[in-house]
Amino acid sequence: MNFTIKQALIPVTEGYTTLDVQIVDGIITAIGENLDVIGTKINGKNKLLLPGFFNAHTHSSEMWQRGIIPPLPLELWIANLYDFTPLDTEQIYLSALGTGVETLLSGGTSVVDHLVLIPGKELETITTAVHAYQKLKIRAFIAPLIHDESLSASLPKGKSLLQYQSYFRPTAETLAILEEAIIKFHRPEAGINILVAPTGIQLCTDALFNGCSELSNRYHLCRHAHLLETKSQEKLAQEKYGCSAVEHLHEIGFLNEKTSLAHCVWLNDTDINILAQTKSTVVHNPLSNLRLGSGIAPILKYLQAGVNVTFACDGACSNDGQDLLEAIKIGSILHNVTDFDYQTWINPRQAVEMASLGGAKGLGLEQQLGSLTVGKKADLVLYDLQSLSLLPRTDPIGLLILGRPVNAVNCVWVNGEQIIDNGQFTTVDIEQLKTELFNRSQWQIRGASPSVEQIESHYRQVMGL
Ligand SMILES: [Zn+2]
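Draft legend 1. Spotlight on the packing of helix α4 (residues 171-185) against helix α5 (residues 206-219). Closest axis-to-axis distance for the α4/α5 pair is 10 Å, and the angle between their directions is 25°. Classed by the angle they form, the pair α4 and α5 counts as roughly parallel. Both α4 and α5 take part in a crossing whose hand is right-handed. The segment α4 lies against α5, with Thr171, Thr174, Leu175, Leu178, Glu179 and Ile182 engaging Ala207, Leu208, Gly211, Leu215 and Tyr219.

Draft legend 2. Representation of the pairing of strand β12 (residues 223-227) in the model. Within β12, 5 of the 5 residues are buried, which leaves the element mostly enclosed by the surrounding structure. Residues Arg223, Ala225 and Leu227 of β12 are buried on one face, and the alternating residues His224 and His226, pointing to the opposite face, are buried as well.

Draft legend 3. Summary view of helix α6 (residues 231-241). Regarding α6, the residues found buried are Ser232, Gln233, Leu236 and Ala237. For α6, the angular spread of buried residues about the axis comes to 140°, placing them on one side. Buried residues along α6 sit in contact with α1 (74-83), α7 (245-251) and α15 (450-462). Just downstream of α6 lies Gly242, where phi reads positive at about 75°.

Draft legend 4. Geometry of the sheet that holds strand β6 (residues 53-58). Pairing is parallel in the open sheet, where 4 strands are placed in the order β6-β7-β8-β10. Strands at the two margins of the open sheet, each flanked by one partner only, are β6 and β10 (192-194). Recorded for the sheet is a direction-independent mean angle of 15° between the axes of neighbouring strands. As paired strands, strand β7 (residues 108-113) and strand β8 (residues 139-142) are joined by 4 bridges and run parallel to one another. Bridging from a neighbouring strand, Val112 pairs with Phe141 of β8. Helix α12 (residues 348-362) rests against β6 and β7 of the sheet, and its axis sits at about 55° to β6.

Conventions and cut-offs
Residues numbered from 1 in each chain as written. Predicted model: local features only at pLDDT ≥ 70, side-chain atom pairs only at ≥ 80, totals over all residues. Axes fitted to C-alpha atoms, helices over the stretch in contact; angles between N-to-C directions. Helix = DSSP H or I, 4+ residues; strand = E, 2+ residues; numbered from the N terminus. Parallel < 35°, antiparallel > 145°, perpendicular 65-115°, else oblique. Left-handed = near helix turned anticlockwise from the far one by under 90°. Contact = placed C-beta atoms within 7 Å. Buried ≥ 20, exposed ≤ 12 C-beta atoms within 10 Å, placed from the backbone. Arc of directions from axis to C-beta. Pairing = 2+ DSSP bridges.

Written as structure tokens, this is what we have:
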């Protein structure tokens, strides 16, 4: 579709200016004053135009459990989560749609879905998520969540004689499923990308990491994983490798400029230098880190060391929503309490760049996405500056990031295709989605979790509680 946005407010180095933007075949072809209208005319008056943001780490199917898991640290929270996941593929479809919709309504045009796979129906799960994202037309980076160690292996042993159970499927079989998904679905030009995405050091052997690296090299894919989300994982890495998790991942060659790592809470200065050297990206999930008590990631240190950082919501039951603007806000101002030197604090324009260009960089796409630049793909968001939450008129980006924008997203395009027009979705029926989410769920509170009861005393012991 060709279109021209007339008179949109666009940030420039010194403030803002009003400009027109032409889009032809999904590419930004001109930005300037008084441009001819090519294709459809879009009224950009009193609206702010920004590049789309990246929700750079989430788990869509967690939507079914948002709000229900009690306040617990990651290791116990995840045991609780695993106890109650009887999902079917129809639910996978609806929660992928829901996650995409909420991402789009909060300024995101790309989503990295570290997709939890239904055991025994792995390929079907991936197929279903692909269909949901194709229907919605959000740019999707599907990162099938794979591991080859059982949940008990994710806890440090400490002084106990804890025996880890073995995982139900050999590593090679898991990699074969992943390769099948890559061959079948990895179509970047059509907006569907597959990532290699081992869960993290807490549940994966080196054989799995190496297999993922090999597939990433062979098929030119990005790499994604959780990294040192909790103190317990830092202890586990020392037990498992005798060095830090970052040193180990570097040693086995998993870190490169196409690797993005979610959380990164417990890294030391040597680790930070390794991330800078290898040009790895840190995905900051501030809300999840607060919700699970994981800690505050040293984001200002990363930025000072030259590490690329972007934002994400994380799964909807450790957040418990998918509002990307909220994650960007908290992920920015949170660090004002960790560092006294206010000159290093993240300002709203920097936050916008981290959320857009930073996200693109983390996926090796900074030449194609992440900024309002002629020649780049038209993944664009137009914000209504007459929305109550963006009034009165002050600094639009300042208020978008530091305020609490509600119903502020007016139009969204991905690859030049319009997904939201005047606040309304053009690709999916939101009323129907709401009805289906309602009908397939019920009001409830969660009772005791057998898996939590099994591991809680060991967890308390190794954490010195
Ligand atoms: Zn996660």
